[in-house]
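# Per-entry structural report
Below, each chain spelled out in residue letters.
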Amino acid sequence: MTDHTGSPTARDVLWRFGPMVYGPTVLFALGEGAVIPLIPVIAAQLGADVATAALVASALVVGQLCGNIPAGWAVARIGERVTMAIAGVISLGGVVGMALAPSLGIFAIAVFLIGFCAAAFGLARHSFMTTRVPLSFRARALSLLGGTFRLGMFVGPFVAAGLLALFGDEHAAIWFFGGCLVATVLLVLLGPDPERQFFAPTSSTSREDAVDTEDTGEPVTGSIPVHRSRPAADGSGSGPGTGVIRTMWRHRRVLSTLGLAAASLSAVRSARQVVLPLWGVSIGLDAQTIALVVGISGAIDFALFYASGQVMDRFGRLWAALPAMILMGAGFVALALTHDLPQAAMWFAMFAAVLGVGNGLSSGILLTLGADVAPKADPAPFLGSWRTLTDAGGAVAPLLVSGIAAVASLSVATGIMGAVGLVGAVAFVRWVPRYVPRGRP
């Protein structure tokens, strides 16, 4: 189905190509979600203490941070489909290493390798959507992409629990991840190639996805202006094959402004996953109650993922980013004031729900903003830098919470993360209108 201009509609994209566009992400996230809760457990079985087990678990995030820029280089040169297939095969090696690791060091290397390849999967699909999906429903498509990842990470732990009950061995979840990877690679290699069957970018002036513009720092209002890609006088123009470092330097202004605002959103999201369980323990709740509260917050988060895309496509990016940041920032600040109140458990449950709403409304924002400001002719190198920046924000937040809680208190750490969210909201107000088109084209 196409619209009057001949371009495919949102329904055509999201349903006809759904299995090939979103299927690999669901499979990878499902297997990864089943394994992540068990990484500290297996590390402890290999002789790690609590601190070391936490360090081994963090190897997944470190691997993803390290993998973003090389993934951008690979996607720019060999394409999304081949990059995903290679990443899937290498991930299978990581799975075998995790399952058969004779020592803690080898296990940690295998976990790092999984994170490294996860970056390639995420960036390849992000780059594909950036170059293929029209601006008119880009946010919905990318919010759905973020939602498929959340679905896998949400269902994965339940699958792991079922496998543990059935086999009584944590390694069953690892082999399940291996099965998901085999299915992913087969789907990528043998299924219809969305890069060929999907509508390709054209040079038509109605298709902003085939263009590239230099980051001049000038405000952008309305639709993205169309300019033909052209090399600079020194041959350093933006086209396929532009180097990652050159791309980072060329777009340093947007990365250091809007990119840092996006990193603050990633930090607040990551802090939520750490603060809520710690807060429950701090106020004396039992593990079952904490799990229930966190689970309800996660369910609210998951239920709202597509609403974010609808809001961004219909009203503009800021209408989703700003409420999400204000809700999470204010939620953290308010939660920080309730630790010693008589009804601390009730306030904990209420603000966990508020944080879930804010996080749900933020689904797809980082993907969409990255796609909006990426050079259209060759987005992969830029997206590698963008995702490294946002992933760094998510990686630093738990360390920040831990350090502040150790020096001061968990309440102070929670309040500071709330302040980060509110400052990030101000940054979005400042920089989103400057770099991103408002509303629908």
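Keep in mind that this is a model prediction, so the values were computed, not measured. Residue positions are counted from 1 within each chain, in the order its sequence is given. Thresholds applied to this predicted model are a pLDDT of at least 70 for local features of residues and 80 or more for the giving and counting of side-chain atom pairs; totals over whole chains, interfaces and linings are not thresholded and use all residues. Side-chain metrics rest on all non-hydrogen atoms present in the structure, leaving aside hydrogens and water.

Across its full length, the chain carries 19 helices and zero strands. Looking at the chain as a whole, 53% of its 441 residues are labelled buried. Put simply, of all contacts in the chain between residues at least 6 apart along the chain, 83% involve residues at least 24 apart. The helix and strand labels rest on DSSP assignments: H or I over at least four residues marks a helix, E over at least two residues marks a strand, and numbering proceeds from the N terminus. The cut-offs for exposure are 20% and 50% of the maximum accessible area for each residue type, with area from a 1.4 Å probe on protein chains only; residues under the lower value are buried, those over the upper are exposed, and the others partly exposed. It only takes one pair of heavy atoms within 4.5 Å for two residues to be counted as in contact.

Right, let's talk about the confidence of the model for the chain for a bit. Looking at the chain, the pLDDT average stands at 80 and 82% of residues meet or exceed 70. Confidence of the prediction at every residue is given by pLDDT, a number between 0 and 100. At the level of individual helices and strands, the chain shows its lowest average pLDDT in helix α1 (residues 10–16), which scores 59, and its highest in helix α15 (residues 318–336), which scores 94. Residue range residues 1–6 is modelled with pLDDT below 50. Its contacts to residues more than four positions away, or to other chains, number seven contacts.

This part is about the packing of aromatic side chains. A pair of Phe, Tyr and Trp rings is counted when the ring centres sit within 6.5 Å of each other, with Trp represented by its six-membered ring. The angle between the planes then sorts it: under 30 degrees is stacked, over 60 is edge-to-face, the rest tilted. Scanning all chains against the criterion turns up seven aromatic pairs. A centroid spacing of 5.3 Å and a plane angle of 35° characterise the contact between Phe302 and Phe305, whose relative ring orientation is tilted. Assessed through its relative accessible area of 14%, Phe305 is described here as buried. Through a chain of ring-to-ring contacts, three or more aromatic side chains come together here, namely Phe28, Phe121 and Phe177. Sitting over the ring of Phe128, Arg125 keeps its end group 5.0 Å from the ring centre. Taking NZ or CZ as reference, Arg252 lies 4.1 Å from the ring centre of Trp249, over its face. Think of it as a cone above the ring: NZ of Lys or CZ of Arg counts as a charge over the ring if it is within 6 Å of the ring centre and within 35 degrees of the ring normal.

Along the chain, the position of Arg138 falls in helix α7 (residues 138–167). By relative accessible area, Arg138 is classed as buried at 0%. For the pair Arg138 and Gly364, spaced 226 residues apart in the sequence, the C-alpha separation amounts to 9.8 Å. Looking at Arg138, its side chain comes within polar contact range of the side chain of Asp372, at 2.6 Å. Definition of a polar contact: a pair of N or O atoms within 3.5 Å, with one able to donate and the other able to accept a hydrogen when the atoms are protein atoms, and with sequence-neighbouring residues admitted only if both atoms are side-chain atoms.

Between Lys or Arg on one side and Asp or Glu on the other, a salt bridge is scored when a side-chain nitrogen of the former is within 4 Å of a carboxyl oxygen of the latter. Evaluated as defined, the whole model comprises six salt bridges. Between Arg272 and Asp301 there is a salt bridge; the shortest N-O distance is 3.9 Å. Residue Arg272 is located in helix α12 (residues 258–282), and its partner Asp301 is located in helix α13 (residues 287–303); the two are separated by 29 residues in the primary sequence. Each member of the pair, Arg272 together with Asp301, is buried. Across the pair Arg317 and Asp313 runs a salt bridge, and its minimum N-O distance is 3.6 Å.

Moving on to the environment of Ile109. With respect to the secondary-structure elements, Ile109 resides in helix α6 (residues 104–132). Along the sequence, Ile109 and Gly63 sit 46 residues apart, while their C-alpha atoms lie 9.2 Å from each other.

This next bit is on helix α5 (residues 80–100). Expected span of a helix: the number of residues minus one, times 1.5 Å. Under the 1.5 Å per step criterion, the end-to-end length of α5 is 30 Å for 21 residues, consistent within 8% with the ideal 30 Å. All buried positions along α5 are accounted for by Glu80, Thr83, Met84, Ala85, Ala87, Gly88, Ser91, Gly94, Val95, Gly97, Met98 and Ala99.

Looking now at the nonpolar core. Within this scheme, the nonpolar core is defined by two criteria: the residues are buried Ala, Val, Leu, Ile, Met, Phe, Trp, Tyr or Cys, and they are joined through side-chain atoms within 4.5 Å. Residues Met98, Phe107, Leu258, Val373, Phe382, Trp386 and Phe428 are the most contacted members of the largest nonpolar core, which totals 88 residues. Looking at which element gives the most residues to this core, the answer is α6, with eleven residues. Residues Ala141, Leu142, Phe305 and Ala371 belong to the second largest nonpolar core, which totals 13 residues.

As a further point, take a nonpolar patch on the surface. Exposure above 30% relative accessible area and no salt bridge define the residues that can form patches, which grow by joining like charges within 9 Å and nonpolar side chains of Val, Leu, Ile, Met, Phe, Trp and Tyr within 5 Å. For the area figures, the Shrake-Rupley method with a 1.4 Å probe applies, and any residue is considered shielded solely by the protein chains shown. The grouping of Ile78, Val82, Ile86 and Ile90 at the surface amounts to a nonpolar patch, some 310 Å² of accessible area in total. Top contributing element to the nonpolar patch by residue count: α5, with three residues. Ile86 sits in the partly exposed class, given a relative accessible area of 41%.

What follows covers the side chain of Thr25. Here Thr25 shows up in helix α2 (residues 18–35). Overall, Thr25 belongs to the buried group, its relative accessible area being 14%.

What follows covers the packing of α12 against helix α17 (residues 365–373). Between the N-to-C directions of two axes lies an angle of 0 to 180 degrees, each axis being a line fitted to C-alpha atoms and, for a helix, fitted only over the stretch in contact. The N-to-C vectors of α12 and α17 enclose an angle of 165°; their axes lie 10 Å apart at closest approach. Classed by the angle they form, the pair α12 and α17 counts as roughly antiparallel. In this structure, α12 crosses over α17, and the sense of that crossing is left-handed. Only Ile365, Leu366, Leu369 and Val373 of α17 make contact with α12, whose side of the interface consists of Leu258, Ala262, Leu265, Ser266 and Arg269. Classes in brief: Ala, Val, Leu, Ile, Met, Phe, Trp, Tyr, Cys and Pro nonpolar; Asp, Glu, Lys and Arg charged; the others, Gly included, polar. Residues belonging to the contact of α12 with α17 are distributed by class as follows: seven nonpolar, one polar and one charged. Any angle that falls under 35 degrees is termed roughly parallel, while one over 145 is termed roughly antiparallel, one within 65 to 115 roughly perpendicular, and all others oblique. Left-handed describes a crossing whose near helix is turned anticlockwise from the far helix through less than a right angle; right-handed describes the clockwise counterpart.

What follows concerns the environment of Val35. Within the element layout of this structure, Val35 appears in helix α2. In the structure, Val35 is positioned 141 residues away from Phe176 in sequence and 8.7 Å away in space, judged by C-alpha atoms. What Val35 contacts, discounting residues up to four positions off in sequence, is Met98, Ala173, Ile174 and Phe177.

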